[in-house]
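What follows is the residue order along each chain.
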Amino acid sequence: MKILRIKNISRFGFFLFLLLAVAGCDSQNEVKEIKLGHGLDTSHPVHKAMVYMSDRLYEKSGGTMTIDIYPNQQLGSERECLELLQIGSLGMTKVSTGVLENFVPSLQLFGLPFLFRDREHRFEVLEGEIGENFLNKSIDKRLKGLTFYDAGSRSFYSKTPINTPEDLKGLKMRVMESNTAINMVKHLGGSPTPIAWGELYTALQQGIVDGAENNLPSFYLSRHYEVCKYFVVDEHTALPDELLISTMVWNDLSPQQQKWLKEAAMESSEYQKKIWREAELNAMEEIQKAGVEVIYPEKELFREKVQPMYEEFSQDPEMKQLIEAIQEIK
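A short tour of the structure in this document, coming up. (Residues numbered from 1 in each chain as written. Predicted model: local features only at pLDDT ≥ 70, side-chain atom pairs only at ≥ 80, totals over all residues. Heavy atoms only, no water.)

**Side note on the overall build of the protein**
(1) Moving on: Within the protein, the regular secondary structure consists of 14 helices and eleven strands.
(2) Moving on: The C-alpha atoms of the protein give a radius of gyration of 20 Å, which matches the 20 Å a tight globule of 330 residues would have.
(3) Moving on: Taken along the three principal axes of its C-alpha coordinates, the protein extends 60 × 45 × 30 Å.
(4) Moving on: Looking at the 330 residues of the protein, the share that counts as buried comes to 55%.
(5) Moving on: Long-range contacts, defined as pairs at least 24 residues apart, comprise 76% of the intrachain contacts of the protein with a sequence gap of at least 6.
(6) Moving on: Entry remark: accessible area of the protein is about 14500 Å², with carbon and sulfur atoms responsible for 49%.
(7) Moving on: Side-chain charges in the protein split into 37 positive and 48 negative, and the spacing between the mean points of these groups amounts to 3 Å. (Helix = DSSP H or I, 4+ residues; strand = E, 2+ residues; numbered from the N terminus. Rg over C-alpha atoms; globule rule 2.2 N^0.38 Å. Buried < 20%, exposed > 50% of the residue type's maximum accessible area, 1.4 Å probe, protein only. Contact = heavy atoms within 4.5 Å. Areas by Shrake-Rupley, 256 points an atom, 1.4 Å probe, with all protein chains shown as cover. Lys, Arg positive; Asp, Glu negative; His and termini not counted. Charge placed at Lys NZ, Arg CZ, Asp CG, Glu CD.)

And the structure:
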């Protein structure tokens, strides 16, 4: 019976890990061990999906392949984990496509506000030909996408109510290290402030920023509701998470091992969609119990403000073609 190893290591252990890691896998043993680092808490639906993937891979491979998971930014931020993948010191990671756009510029498309009509439309795109093509766009950066995880819709939350874009004027809003997210907040009248996720709670407490934007489960699990008492369901973007593997590790796997891993990853994304929806409903209930006021603004007011971004994106023929292809999907 497999025992899943979710690691907790010190800063010293992190550097020792780097010295001992060889292409993200344990090549000295018969069992192929892949190391996966990410920045989420172990209670997060995406983490649970990766545990599910690990179990499925172990079963499919007859115990010859394992995944060791290092949660909670033990191995660094999302960007740092990507860089570890590129040099082969880490096998796999999960990042937001908003961070990945710094490595693959075409992924900026997913940060375009109000790109998807609804949840169903988003899945049609991500699970179809367009999504598969995007998974392979980072291969030349030594990063291969395996699947997308649902990260829901992103909305604003703050210490003061936001009913219209005008209410964002003068507010310092935390965003990811994403040019698209920065431009979006600027178009809406706010002041975008990139801050690492792990530092955000303190930044909110100290008034370095007035609010942020993220999905509902992340708002709840991070306990940001303790500082920000207004959650604004404008659902401006729906950036998926992407599960990636270092091409150095991928190319070291046999075709059969690659098949097992790809299948396990795809099955985990289906599992994650179900528990994500449950997490959203639970988070909404819990934040309201904690005294958070949930605001449902008129989305069209926000949509109008960001229309210039579509014009900017459409100046690139490839982006224009992709936007039209996504909009045509029923």
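Don't stop here, the text continues.
**Some points on the packing of helix 2 (residues 45-60) against helix 11 (residues 255-289)**
(1) Moving on: Orientation of helix 2 relative to helix 11, taken along the N-to-C sense of each, is 145°, at an axis distance of 8 Å. In this structure, the crossing between helix 2 and helix 11 has a hand that is right-handed. Side by side, helix 2 and helix 11 meet where Pro-45, Val-46, Lys-48, Ala-49, Tyr-52, Met-53, Arg-56, Leu-57 and Lys-60 of the first sit next to Trp-260, Leu-261, Glu-263, Ala-264, Ala-265, Glu-267, Ser-268, Tyr-271, Gln-272, Ile-275, Trp-276 and Ala-279 of the second.
(2) Moving on: In terms of residue class, the contact of helix 2 with helix 11 is built from 14 nonpolar, two polar and five charged. (Axes fitted to C-alpha atoms, helices over the stretch in contact; angles between N-to-C directions. Left-handed = near helix turned anticlockwise from the far one by under 90°. Nonpolar A, V, L, I, M, F, W, Y, C, P; charged D, E, K, R; others polar.)

**What to know about the pattern of salt bridges**
(1) Moving on: Inspection of every chain in the model, using the stated rule, returns 27 salt bridges.
(2) Moving on: Of the charged contacts, one joins Lys-32 and Asp-252 as a salt bridge, the two residues approaching to 3.0 Å between their closest N and O atoms. Residue Lys-32 is found in strand 1 (residues 32-37), and its partner Asp-252 is found in the loop between helix 10 (247-250) and helix 11; the two are separated by 220 residues along the sequence.
(3) Moving on: Overall, Asp-252 belongs to the partly exposed group, its relative accessible area being 43%.
(4) Moving on: Arg-119 is the salt-bridge partner of Asp-150, the closest N and O atoms lying 3.3 Å from each other. Within this pair, whereas Asp-150 is found in the loop between strand 4 (143-149) and strand 5 (154-158), its partner Arg-119 is found in helix 5 (residues 119-126), the two being separated by 31 residues in sequence.
(5) Moving on: Judged by its relative accessible area of 22%, Arg-119 is partly exposed.
(6) Moving on: Ionic contacts of the salt-bridge type, sharing partners, join the residues Arg-56, Glu-59, Lys-60, Lys-259, Glu-263 and Glu-267 into one network. (Salt bridge = Lys/Arg side-chain N within 4 Å of Asp/Glu carboxyl O.)

**Quick look at the nonpolar core**
(1) Moving on: Membership of the largest hydrophobic core comes to 52 residues, with the highest contact counts inside it found for Leu-100, Leu-109, Phe-110 and Phe-156.
(2) Moving on: Among all residues touching Phe-110, those that are not within four sequence positions of it are Thr-97, Leu-115, Phe-116, Leu-126, Phe-134, Phe-148, Ala-238, Leu-239 and Pro-240.
(3) Moving on: Counting residues in each nonpolar core, the second largest holds 24 residues, with Ala-49, Leu-57, Val-249 and Trp-250 among its members. (Core = buried A, V, L, I, M, F, W, Y, C linked by side-chain atoms within 4.5 Å.)

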